[in-house]
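# Fold and contact review
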Amino acid sequence: MVVKMIDLGLILHRGSYFRDLWNILDFIVVSGALVAFAFTGSKGKDINTIKSLRVLRVLRPLKTIKRLPKLKAVFDCVVNSLKNVLNILIVYMLFMFIFAVVAVQLFKGRFFYCTDESKEFEKDCRGEYLVYEKNNEVKAERREWRKYDFHYDNVLWALLTLFTVSTGEGWPDVLKHSVDATYENQGPSPGYRMEMSIFYVVYFVVFPFFFVNIFVALIIITFQEQGDKMMEEYSLEKNERACIDFAISAKPLTRHMPQNKQSFQYRMWQFVVSPPFEYTIMAMIALNTIVLMMKFYNATNLYDNLLRMFNIVFTALFSLECILKIIAFGVLNYFRDAWNIFDFVTVLGSITDILVTEFGVSSKLVSMTFWGREAFCKEWGIKIDTQEIHHIKLRSYQERNQKNPNRR
């Protein structure tokens, strides 16, 4: 530091030591350490405060940013983006205040509960109640009328609760308390107002998704503006540089097409790559998704059988699509595309699922493994000669003994 001061000068001329922010940071770190070391042997409250200046030593790793141009560019980008963050923070706090006011109107005084869940009002939450523990012991506890840790009784507490929700930690409990809330000064009732969950859905769309993306976009835009300023010294314009970068990084798009235009494969290829075929497959995917969404608990057998039939039909259609594409592109060209591999694995998994759930093939295969070939063939209705099978077993056993005479 002293050598730099002697070489560059202090502050009066351009390029001096104290006209560089990084040099000022070095000066603060070194000066704080020297002052803390000077009072090392002293005691007292004020002296301990001065000793705390040693904490400034943690800023020393920031000196490496100055010596690495890429890190320095990122750090400058973050610092410069802070200038524009203020306006976004004002909008952020305005929306937060609006949601806090709405939350107070919806949930004010409704986050009370009794330790005895059977009591809904404060006047009934008195005396003692029995608690059954895991080891079959019964313990008497006193009823207490309490309030949840996070609530919406006023705007300040609403802001704190909403900030907790925006962090993504512990917010399901707040959501459950809001859905169970009934009336003011009354205990909760499970699922009393499920429509209150819409409030949190809208809040999550506005804050954790929308505003976080705005901050990220602001940093990206600032980084791009700094890159443009650095490239102003070069002769190429921005669009010309973009064209050159695209030409360097672009990769040719390969698409297989049969050479013989009179062949059946070429006609199949024309059919597979045609827009009507693609639109038909997209419609089938959408319909299959809707069918998957139609399952629900405690449905009738007729309804479940109908959904299973639809599943078999869609699986057959997707299998037909896979076969047509293999014929059109060829096996090697088909499996060169990652999306085709994904489609093939999906179709194969669907067929396996149907074979297992509808026809019970897995139980048949397990029977072949554990019951032996005789029981397997009997279950499948295959006629076999039992004496011939035992003769084959005996012959294979003799062959193994001939190859290994020491085996018992």
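Residues numbered from 1 in each chain as written. Predicted model: local features only at pLDDT ≥ 70, side-chain atom pairs only at ≥ 80, totals over all residues. Heavy atoms only, no water.

## What to know about the overall build of the protein chain
Regarding its fold elements, the protein chain presents 17 helices and 4 strands. Put simply, the protein chain has 408 residues, and 25% of those count as buried. Put simply, 55% of the contacts in the protein chain that link residues at least 6 apart link residues at least 24 apart. About 30200 Å² of surface is accessible on the protein chain, with carbon and sulfur atoms providing 64% of the total. (Helix = DSSP H or I, 4+ residues; strand = E, 2+ residues; numbered from the N terminus. Buried < 20%, exposed > 50% of the residue type's maximum accessible area, 1.4 Å probe, protein only. Contact = heavy atoms within 4.5 Å. Areas by Shrake-Rupley, 256 points an atom, 1.4 Å probe, with all protein chains shown as cover.)

## Points about the UniProt feature "transmembrane region" (unreviewed entry) in the protein chain
Mapped onto the present numbering, the UniProt feature "transmembrane region" (unreviewed entry) falls at residues 21-39, 85-107, 198-223, 279-297 and 309-335. End C-alpha to end C-alpha, residues 85-107 measures 32 Å, and it is 100% helix and 0% strand. Each end of residues 309-335 is marked by a C-alpha atom, and these two atoms are 30 Å apart; helix forms 93% of the span and strand 0%. (UniProt positions renumbered as here; feature names shortened; annotations may be inferred.)

## Points about helix H12 (residues 301-329)
Given a rise of 1.5 Å per residue, 29 residues ought to cover 42 Å, and the 42 Å separating the end C-alpha atoms of H12 matches this to within 8%. Within H12, the full set of buried residues consists of Leu307, Phe314, Thr315, Phe318, Ser319, Glu321, Cys322, Leu324, Lys325, Ala328 and Phe329. Buried residues in H12 make contact with helix H10 (264-273), helix H11 (275-293), helix H13 (331-334) and helix H14 (338-359). Among the residues trailing H12, Gly330 stands out with phi positive, at a value near 90°. (Expected span 1.5 Å × (residues − 1).)

## Points about the environment of Arg142
By secondary structure assignment, the location of Arg142 is in strand S3 (residues 138-142). As for Arg142 and Cys125, which are separated by 17 residues in sequence, their C-alpha atoms are 9.1 Å apart. Apart from residues lying up to four places away in sequence, Arg142 is in contact with Thr115, Gly127, Glu128 and Tyr129.

## Observations regarding the packing of H11 against H12
As a packed pair, H11 and H12 sit with axes 11 Å apart at the nearest point and diverge in direction by 155°. As summarised for this structure, H11 and H12 are arranged roughly antiparallel, according to the angle between their axes. For the crossing formed where H11 meets H12, the hand is left-handed. Where H11 approaches H12, its residues Phe277, Ile281, Met284, Ile285, Leu287, Asn288 and Val291 are matched on the opposing element by Leu307, Phe310, Phe314, Leu317, Phe318, Glu321, Leu324 and Lys325. Considering only residue class, the contact of H11 with H12 consists of 12 nonpolar, 1 polar and 2 charged. (Axes fitted to C-alpha atoms, helices over the stretch in contact; angles between N-to-C directions. Parallel < 35°, antiparallel > 145°, perpendicular 65-115°, else oblique. Left-handed = near helix turned anticlockwise from the far one by under 90°. Nonpolar A, V, L, I, M, F, W, Y, C, P; charged D, E, K, R; others polar.)

## Brief notes about the packing of aromatic side chains
On inspection of all chains with the given rule, the structure shows 27 aromatic pairs. Seen in terms of ring centroids, Trp171 and Phe204 are 4.7 Å apart; in terms of plane orientation they differ by 55°. Their pairing is tilted. You can see Trp171 sitting in helix H7 (residues 171-180) and its partner Phe204 sitting in helix H8 (residues 197-231), a full 33 residues away along the chain. Considering the side-chain rings of Tyr203 and Phe204, the 6.5 Å spacing of their centres and the 90° angle between planes classify their relative orientation as edge-to-face. One exposure class covers both Tyr203 and Phe204, and it is buried. Residue placement shows Lys123 over the ring face of Phe121; its charged tip is 5.9 Å from the ring centre. (Phe/Tyr/Trp six-rings, centres within 6.5 Å; stacked < 30°, edge-to-face > 60°. Lys NZ or Arg CZ within 6 Å of the ring centre and 35° of its normal.)

## Considerations on the environment of Val78
Relative to the helices and strands, Val78 resides in helix H5 (residues 69-107). Residues Val78 and Phe223, 145 residues apart in the sequence, show an inter-C-alpha distance of 8.2 Å.

## Focus on the pattern of salt bridges
Applying the stated criterion across every chain yields a total of 7 salt bridges. With a shortest N-O distance of 3.1 Å, Glu133 and Lys139 are connected by a salt bridge. With a relative accessible area of 31%, Glu133 lands in the partly exposed category. Linking Lys139 and Glu141 is a salt bridge whose minimum nitrogen-to-oxygen distance equals 3.5 Å. Residue classification places Lys139 among the partly exposed residues on the basis of a relative accessible area of 37%. (Salt bridge = Lys/Arg side-chain N within 4 Å of Asp/Glu carboxyl O.)

## Some words on the side chain of Thr161
Note that Thr161 resides in helix H6 (residues 155-167). Relative accessible area serves as the criterion here: at 0%, Thr161 is assigned to the buried category. In this structure, Thr161 is in contact with Phe150, His151, Tyr152 and Val174, ignoring residues within four places of it in sequence.

## As for the pairing of S3
Relative to S3, strand S2 (residues 128-132) runs antiparallel, the two being bridged by 5 bridges. Residue pairing across strands places Glu128 opposite Arg142, the latter belonging to S3. Taking the residues that link successive antiparallel strands as the turn, the S2-S3 hairpin has 5 residues, and the phi of Asn136 there is positive, at about 60°. (Pairing = 2+ DSSP bridges.)

## Some words on a nonpolar patch on the surface
On the surface, a cluster of nonpolar side chains totalling about 490 Å² of accessible area is made up of Val91, Leu94, Phe95, Phe97, Ile98 and Val102. When you line up the elements, Leu94 lands in helix H5. (Patch = residues over 30% accessible without salt bridge, like charges linked within 9 Å, V, L, I, M, F, W, Y side chains within 5 Å.)

## Details of the nonpolar core
Formed by 26 residues in total, the largest nonpolar core has its most connected members in Phe107, Tyr152, Leu162 and Phe207. When residues of this core are traced back to their parent elements, those giving at least two are H5, H6 and H8. Element by element, the count of residues in this core is highest for H5, at 9 residues. Beyond its immediate sequence surroundings of up to four residues, Phe107 is in contact with Tyr152, Asp153, Ser178, Arg193, Met196, Phe199 and Tyr200. (Core = buried A, V, L, I, M, F, W, Y, C linked by side-chain atoms within 4.5 Å.)

## Some points on H14
The end-to-end C-alpha separation of H14 is 31 Å, in line with the 32 Å expected for 22 residues at 1.5 Å each. Buried within H14 are the following residues: Asn340, Val347 and Ile354. Looking down the long axis of H14, one finds its buried residues gathered within 50° of arc, a one-sided arrangement. Along H14, the residues that are exposed and aim more than 90 degrees away from the buried face are Ala338, Phe342, Val345 and Thr357. Looking at where H14 begins, the residue whose side-chain oxygen comes 3.2 Å from the main-chain nitrogen of Trp339 is Asp337. (Arc of directions from axis to C-beta. Polar contact = N/O pair within 3.5 Å; in protein donor to acceptor, adjacent residues only side chain to side chain.)

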